[in-house]
Number of protein chains: 2
Amino acid sequence: MIVVTSVNVNGIRAAAKKGFIEWLAATEADVICLQEVRSEPEQLPVELRDLDGWHTVWAPAATKGRAGVAVLSRQEPSRTTVGFESAEFDNSGRYVEIDLPGLTVASLYLPSGEVGTERQEEKERFMAEFLVHLRKLRTRAAADGREVVVCGDWNIAHRPEDLKNWKANQKAAGFLPEERAWLSRVYDEAGYVDVVRRLHPDRTGPYSWWSYRGRAFDNDSGWRIDLIVTTPDLASTCIEARVERADSHAERWSDHAPVTAEFAFGDN
Amino acid sequence: MIVVTSVNVNGIRAAAKKGFIEWLAATEADVICLQEVRSEPEQLPVELRDLDGWHTVWAPAATKGRAGVAVLSRQEPSRTTVGFESAEFDNSGRYVEIDLPGLTVASLYLPSGEVGTERQEEKERFMAEFLVHLRKLRTRAAADGREVVVCGDWNIAHRPEDLKNWKANQKAAGFLPEERAWLSRVYDEAGYVDVVRRLHPDRTGPYSWWSYRGRAFDNDSGWRIDLIVTTPDLASTCIEARVERADSHAERWSDHAPVTAEFAFGDN
DNA sequence: CTTAGTAGG
DNA sequence: CCTAATAAG
């Protein structure tokens, strides 16, 4: 059994002041993939340095205060790789990969994009390069007899069920036809599986991000853009997948909620 | 009788959230000179627009969020002048003057300066130009039979009694020998009077600014840099002068405290 | 330490 | 609306 969580913390230093530390102390996850850490390792608050019981790999962006991904694991990784052999993106705090026994885990923070700007073109370049990487990753893993799980903020909602207001967002970054088609290729051509959708094929959401603007969270006007995407054999061992939406009992310490999947993996 | 207050609000929008509005509602001042407003008039919170019972003149800096002075008066000014005919400084939100019957009131925010930087040179240029203005102002006022009061954050402590730690600050901006000498010229050559010091010749302080860093406020480790400076005849009518240091009963809504002087001016 | 602007989200 | 870097104080 392995429990994997993905969460965009929207600034780990701010999150730490609002409840992330307590959430971390209580989680039963074995591996946690973080996005938008927005901190150099040296800038982390003491409570997040030398985390007891966790092995950590931090992959900050070259630009201070931007992006940044990390993976926390209870087991020590046998290998750690920052980036995906991309000249443009390896230094941008958007991808880090670790190897655990029989399993490769990656934390991904795909650019957000903004229609009509250079940042949308950057997103598209990232998507093109990253799809190549996903294919290679799967081929390599198959050759090694390994499974793969890519956790992250993909910044794309795949289908109308994945966001509250799909009609109004057809020309918005994150739900553009070309972005949705790209995600289809991740599934249909590269052969990956979105495990939350696999276990909950018919429901709307569950959303994992709600804008801080307006009453988006209270109205559950969200998007499902934080995805746990795995190789098919691993997906078939997924026995639970959920979004940990904050409620009156749990503080909201990010505009995203943790997404968690449990796999009967390595069990006898 | 006229009551005049000078206070550096350190961002009127932040101050408004912390108690400035309540202070303003309770004050008995007739004229209030503000410095470091740091807001365009259009950006002011509603509570500070069309202030009931006050005439207001706002002189923001050309650069948003920087400097900015204002004068609030219960009587309507007969004349309002932004700047002091300085090509360099008239647009920098550092000086505004109003005329009331028999009295010119000015709000001044002298540059803070920082030793060894261009900003110290800017401060020195300001001082040179402003001293010329002070002389003209006094000459003009004398010809018109008017008194003058220049309220503001002068960003200079005159003597050892005017700051907690004068020995350690002899090479610090705000207590440099040339700055202190300049203030002496304002008094001795241009003929103005610092009314708080006139009424309290022997005491240390009263300080009007305490850094937000460390425990400066709790230790009363402050500076007396907010001054009410007047023509001699007006000074001789000053019957009270004080600093309104925040205590357990009053919120601290700025790193500066209001300085208030009461003049038996216009009384029969 | 605090303010406000700014870029990114 | 929120985070963090930055400049100024």
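Provided above is the structure to which this section pertains.
A few points on the structure. (Residues numbered from 1 in each chain as written. Chains lettered and ligands numbered in written order. Predicted model: local features only at pLDDT ≥ 70, side-chain atom pairs only at ≥ 80, totals over all residues. Heavy atoms only, no water.)

This paragraph deals with the protein's contact with DNA strand D. By nearness alone, 19 residues border DNA strand D, and Arg-13, Lys-18 and Arg-38 of chain A together with Arg-119 and Arg-213 of chain B come closest of all. One of the side-chain N or O atoms of Lys-18 of chain A is found 2.8 Å from a phosphate oxygen in DNA strand D. Arg-119 of chain B is positioned such that a nitrogen or oxygen atom in its side chain is 2.4 Å from a phosphate oxygen of DNA strand D. The class makeup of the residues in the surface near DNA strand D is 4 nonpolar, 5 polar and 10 charged. (Near = heavy atom within 4 Å. Polar contact = N/O pair within 3.5 Å; in protein donor to acceptor, adjacent residues only side chain to side chain. Nonpolar A, V, L, I, M, F, W, Y, C, P; charged D, E, K, R; others polar.)

Take the protein's contact with DNA strand C next. In the neighbourhood of DNA strand C, 18 residues make up the surrounding shell, with Arg-119 and Arg-213 of chain A together with Arg-13, Lys-18 and Arg-38 of chain B lying closest. Those atoms of DNA strand C that come within 4 Å of the protein belong to sugar or phosphate at a rate of 75%. Between Arg-13 of chain B and DNA strand C, the recorded distance is 3.1 Å, taken from a side-chain N or O atom to a phosphate oxygen. Between Ala-14 of chain B and DNA strand C, the recorded distance is 3.1 Å, taken from a backbone N or O atom to a phosphate oxygen. Here the element with the most residues in the surface near DNA strand C is helix α1 (residues 12-18) of chain B; it accounts for 3 residues. Class assignment for the residues of the surface near DNA strand C results in 3 nonpolar, 5 polar and 10 charged. (Helix = DSSP H or I, 4+ residues; strand = E, 2+ residues; numbered from the N terminus.)

Residues and elements named next belong to chain B. Axis separation between helix α3 (residues 118-144) and helix α4 (residues 177-188) bottoms out at 11 Å; the angle between their running directions is 10°. Between α3 and α4, the crossing angle belongs to the class labelled roughly parallel. Note on element contacts: α4 touches α3 through Glu-178, Glu-179, Trp-182, Arg-185 and Val-186, opposite Gln-120, Lys-123, Glu-124, Met-127, Ala-128, Phe-130, Leu-131, Leu-134 and Arg-135. Looking at the contact of α3 with α4 residue by residue, the class counts come to 7 nonpolar, 1 polar and 6 charged. (Axes fitted to C-alpha atoms, helices over the stretch in contact; angles between N-to-C directions. Parallel < 35°, antiparallel > 145°, perpendicular 65-115°, else oblique. Contact = heavy atoms within 4.5 Å.)

Attention shifts here to the nonpolar core. Counting 36 residues, the largest nonpolar core has Ile-2, Val-105, Val-195, Ile-228 and Phe-263 of chain B as the members making the most contacts within it. Formed by 35 residues, the second largest nonpolar core is a distinct cluster that contains Val-31, Val-69, Tyr-109 and Ala-257 of chain A. (Core = buried A, V, L, I, M, F, W, Y, C linked by side-chain atoms within 4.5 Å. Buried < 20%, exposed > 50% of the residue type's maximum accessible area, 1.4 Å probe, protein only.)

This paragraph deals with the sheet that holds strand β12 (residues 259-263) of chain A. All names here are of chain A. Spatially, 6 strands are ordered β3-β4-β2-β1-β12-β11 in an open sheet, and the strand pairing comes out mixed. Two strands close off the open sheet at either side, each with one partner strand: β3 (55-59) and β11 (238-243). Across the sheet, the mean angle from the axis of one strand to that of its neighbour is 10°, orientation sign disregarded. (Pairing = 2+ DSSP bridges.)

Residues and elements named next belong to chain B. Evaluated as defined, the whole model comprises 0 disulfides over all chains. Cysteine Cys-33 shares no disulfide, and the gap to the nearest cysteine sulfur, in Cys-151, comes to 3.8 Å. We classify Cys-33 as buried; its relative accessible area is 0%. (Disulfide = S-S within 2.5 Å.)

A cis amide bond, omega -5°, links Gly-205 of chain A with the succeeding residue Pro-206 of chain A. Mapped onto the secondary structure, Pro-206 of chain A falls in the loop between α5 (195-199) and β10 (226-230). Positive phi, normally seen in glycine, also occurs at Glu-36 of chain B, with a value near 50°. We classify Glu-36 of chain B as buried; its relative accessible area is 12%. Not every positive phi belongs to a glycine, and Asp-220 of chain B is a case in point at roughly 50°.

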